Amino acid sequence: MKPLVTVICISYNHAPYIMEGMQSVFNQSYSNIEMIVADDASTDDSQTILKNTILDKPGIRAIFHDSNRGYTATFNEAFKHAKGKYVIDFALDDVMSTDFISKSISKLEQVGEDYGVSFSNADYIDSDSKTIGNHNELLRAKDLIEEIPSGDLFELILKRYFICTPSMVIRKSVLDKLEGYDATLEYEDFDFWIRSSRFTGYTYIDEVLVNKRKLRHSMSSQQYNYRQNSQLESTLKVCKKALHLCKSKNEHDALSVRINYELRHCLTSGAFELGYEFFTLLKSLKENPFRLFVYKTLLDFRLDYRFLNKKRKTNSF
């Protein structure tokens, strides 16, 4: 018998997309699926749509929050009920291809227990479900990565982003070992990649198996918005965790690449206080002294300018 797969479907104000997302799960060529739906106190019609969608499907467990708890905490609550050998974290604004689960499970069963996560290529779609790009093509266009790797990915994950989160299928044993997501974080994937890749392999499927929806006001698009620094704060926490997980000079160097990237975003987005914390972390990695001097000078200047500008505005009243 094919192994049971638990699909955890999470919604938060996804009303226009829920039917398409849920239908893509119902249409899977893989049959041994357990579904858990969880809505994190949506303020639109998401809960009503979800209730109507599962009305004639009594086997689906449903969780409906009356106050918002955040994505990571909502997933963890649903995960407690998961019985599958494999788990899929599925946001209900995304869409699965018909063979997504079948091909992912086939690959994981083939490569064996040393591999805890599979991931694939993905197309990007807009609010009208029209294809607007491809994940791997965008990576190559930005010179982020040429070939998508498999195996021990800890060092590469430290450096750069290349895994499309909705394309992942995860062994439940991996999530059990991690005790789910870190619910203190605003987002889940970077932390999951860092902690899990330290002890398990990743296997890649070179096919488009999911459609990831790109929306202007999505969580990922707000990561470097000055007015929403909670995601950058989460990134800082993950980088601190990564520092303790690094075992070699190459891994420390890879983490340095990541922190440089995040620090530059702090400077351009105005998150200068967080920039100082990334700077302190970078300093502990014995970064190039001249580069540290430049960062410190820029951070000091930006904060002094902000203080003087704020004082000038206050005195004008």
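So, how was this worked out
Residues numbered from 1 in each chain as written. Predicted model: local features only at pLDDT ≥ 70, side-chain atom pairs only at ≥ 80, totals over all residues. Heavy atoms only, no water. Helix = DSSP H or I, 4+ residues; strand = E, 2+ residues; numbered from the N terminus. Rg over C-alpha atoms; globule rule 2.2 N^0.38 Å. Buried < 20%, exposed > 50% of the residue type's maximum accessible area, 1.4 Å probe, protein only. Contact = heavy atoms within 4.5 Å. Areas by Shrake-Rupley, 256 points an atom, 1.4 Å probe, with all protein chains shown as cover. Lys, Arg positive; Asp, Glu negative; His and termini not counted. Charge placed at Lys NZ, Arg CZ, Asp CG, Glu CD. Axes fitted to C-alpha atoms, helices over the stretch in contact; angles between N-to-C directions. Parallel < 35°, antiparallel > 145°, perpendicular 65-115°, else oblique. Nonpolar A, V, L, I, M, F, W, Y, C, P; charged D, E, K, R; others polar. Pairing = 2+ DSSP bridges. Core = buried A, V, L, I, M, F, W, Y, C linked by side-chain atoms within 4.5 Å. Patch = residues over 30% accessible without salt bridge, like charges linked within 9 Å, V, L, I, M, F, W, Y side chains within 5 Å. Salt bridge = Lys/Arg side-chain N within 4 Å of Asp/Glu carboxyl O. pLDDT = per-residue confidence, 0-100.

A. Local environment of the overall build of the protein chain. Each helix and strand in the protein chain was counted, giving 12 helices and 9 strands. Here the protein chain has a C-alpha radius of gyration of 21 Å; the compact-globule value for 317 residues is 20 Å, and the two agree. Once the C-alpha set of the protein chain is aligned to its principal axes, its extents read approximately 65 × 50 × 35 Å. A buried classification covers 51% of the 317 residues belonging to the protein chain. In the protein chain, the proportion of contacts linking residues at least 24 apart, taken out of those at least 6 apart, comes to 76%. When the accessible area of the protein chain is evaluated, it comes to approximately 15700 Å², of which 51% is carbon and sulfur surface. If the 42 positive side-chain charges of the protein chain are averaged to one point and the 43 negative ones to another, these points end up 6 Å apart.

B. Spatial organisation of the packing of helix α8 (residues 189-197) against helix α9 (residues 230-245). Relative orientation of the contacting elements α8 and α9 amounts to 5 degrees, with a least axis distance of 10 Å. Judged by the angle between their axes, α8 and α9 are roughly parallel. When α8 is examined against α9, the residues Phe190, Asp191, Ile194 and Arg195 are found in contact with a partner set consisting of Thr235, Val238, Cys239, Lys241, Ala242 and Leu245. Partitioned by chemical class, the residues of the contact of α8 with α9 number 6 nonpolar, 1 polar and 3 charged.

C. Examining the pairing of strand β9 (residues 201-213) more closely. Strand direction decides the pairing type here: strand β5 (residues 95-96) and β9, joined by 2 bridges, are antiparallel. Looking at the pairing, Val95 lines up with Asn211 of β9.

D. Inspection of the nonpolar core at higher detail. If you look at the biggest cluster of nonpolar residues, it comprises 59 residues, and the most contacted ones within it are Phe119, Phe192 and Tyr202. Setting aside residues no more than four positions away along its own chain, Phe192 makes contact with Val117, Met168, Ile170, Val174, Leu175, Leu178, Tyr181, Ser197 and Tyr202. The next biggest cluster of nonpolar side chains, apart from the first, holds 27 residues, and it includes Tyr86, Phe90, Cys164 and Leu209.

E. Representation of a negative patch on the surface within the structure. A cluster of acidic residues, Asp143, Glu146, Glu147 and Asp206, forms a negative patch at the surface. Within the secondary structure, Asp206 is located in strand β9. Given the relative accessible area of 58%, Asp206 is considered exposed.

F. Structural view of the environment of Lys2. Among the structural elements, Lys2 can be located in the segment before β1 (5-11). In this structure the C-alpha to C-alpha distance between Lys2 and Tyr30, which are 28 residues apart in sequence, comes to 8.7 Å. Filtering out sequence-adjacent residues up to four positions away, Lys2 remains in contact with Tyr30 and Asn32.

G. Structural view of the confidence of the model for the protein chain. Scored by pLDDT, the protein chain comes out at a mean of 91, with 92% of its residues at no less than 70. Confidence drops under a pLDDT of 50 for residues 307-317, and excluding neighbours within four residues, the segment shows 0 contacts in the predicted structure.

H. Local environment of the pairing of strand β6 (residues 115-125). In terms of residue burial, β6 counts as a mostly covered element, since 10 of its 11 residues are buried. Pairing of β6 with β9, which is carried by 10 bridges, proceeds in the parallel orientation. The residue of β9 that forms the bridge with Val117 is Tyr202. Two elements, β6 and strand β8 (residues 169-171), share 2 bridges in a ladder whose sense is antiparallel. Bridge assignment links Ser118 to a residue of β8, and that residue is Val169. Note: β6 against strand β7 (residues 131-134), 3 bridges, orientation antiparallel. The residue of β7 that forms the bridge with Tyr124 is Gly133.

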